[in-house]
Amino acid sequence: MLELVRPAADVRADGLAFTLDVPPQEALAARSWTVAGVGVQARLLDAGHQVVAGELVETVAQLPGRDGPLPYKLHREVGGWSYGFSADVYKRDYVDFDRAVKFLRGYLDGRDDTVAGVFARDRDELSGVLVRQIRRGLEWRAWQTFPRTRQIVSTRTRMLIV
């Protein structure tokens, strides 16, 4: 698992915004693959993540001038693909939050289909993206944890051939 370093920032689950119209941002870490014939890059940002899949740029991050909350479900046709996005925000008690973060660290660490890291200031603050091929296209899952509020943001995106 990567160790991510960023300047002190007030990153909050309710501050995350979703957009498909922001160009690639400066990344703390990135990883690239070809999945289902599409060039994909997963990027961990200082306050969120981005996935670039072909011409599509999905951003889930705190962005100047953009407010949350994240959409619960969203479906669109994008560049010949059926695109679907969903997001959930979970609030946990201390014990459940610790267990969930420990599980995610173990689940995401050392995988070929993942870019993931913990932040140096608080190792319970984690960001990770897993990318994989599915039957009719590709899917990515992303997680971000927020120790101060004990929240976990989980997103799922599918791009299916139309």
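Reference entry: report on the structure contained in this document. (Residues numbered from 1 in each chain as written. Predicted model: local features only at pLDDT ≥ 70, side-chain atom pairs only at ≥ 80, totals over all residues. Heavy atoms only, no water.)

Taken in spatial order, the 5 strands make up an open sheet running β2-β6-β5-β4-β3, and their pairing is antiparallel. Looking at the sheet topology across the chains shown, the edges are occupied by β2 (17-19) and β3 (29-35). Across this sheet, the average inter-strand angle for adjacent strands is 10°, counted without regard to direction. Pairing of strand β4 (residues 38-45) with strand β5 (residues 48-53), which is carried by 6 bridges, proceeds in the antiparallel orientation. (Pairing = 2+ DSSP bridges. Helix = DSSP H or I, 4+ residues; strand = E, 2+ residues; numbered from the N terminus. Axes fitted to C-alpha atoms, helices over the stretch in contact; angles between N-to-C directions.)

Taking strand neighbours across the sheet as the criterion, the 7 strands line up as β1-β9-β10-β11-β12-β8-β7 in an open arrangement whose pairing is mixed. The open sheet has two edge strands with one neighbour each: β1 (2-4) and β7 (73-78). Shown here is a sheet whose adjacent strand axes are inclined to one another by a mean of 20°, direction ignored. Bridge count between β1 and strand β9 (residues 114-119): 3 bridges; the pairing is parallel. Each residue of the ladder has a partner; that of Glu3, found in β9, is Val118. In this fold helix α1 (residues 94-108) packs onto β9, β10 (122-134), β11 (137-146) and β12 (151-161), with an angle of close to 50° to the strand it touches most, β10. (Contact = heavy atoms within 4.5 Å.)

Throughout the structure, instances matching the rule amount to 3 aromatic pairs. With 5.6 Å between their ring centres and 10° between their planes, Phe103 and Tyr107 make a pair best called stacked. Residue Phe103 and its partner Tyr107 are located together in helix α1, separated by 4 residues, close to a single helical turn. Classification of Phe103 by relative accessible area gives exposed; the value is 54%. A ring pair is formed by Tyr107 and Trp143, whose centres lie 6.1 Å apart and whose planes are at 90°; its orientation type is edge-to-face. Note that Tyr107 is positioned in helix α1 and Trp143 in strand β11, a separation of 36 residues in sequence. The exposure class assigned to Tyr107 is partly exposed, which follows from its relative accessible area of 33%. The class for Trp143 is buried, based on a relative accessible area of 10%. Three or more aromatic residues joined by ring pairs form one cluster here, namely Phe103, Tyr107 and Trp143. Positioned above the aromatic ring of Tyr107, the side-chain terminus of Arg111 is 4.7 Å from the ring centre. The ring of Tyr94 carries Arg150 above its face, with NZ or CZ at 4.1 Å from the centroid. (Phe/Tyr/Trp six-rings, centres within 6.5 Å; stacked < 30°, edge-to-face > 60°. Buried < 20%, exposed > 50% of the residue type's maximum accessible area, 1.4 Å probe, protein only. Lys NZ or Arg CZ within 6 Å of the ring centre and 35° of its normal.)

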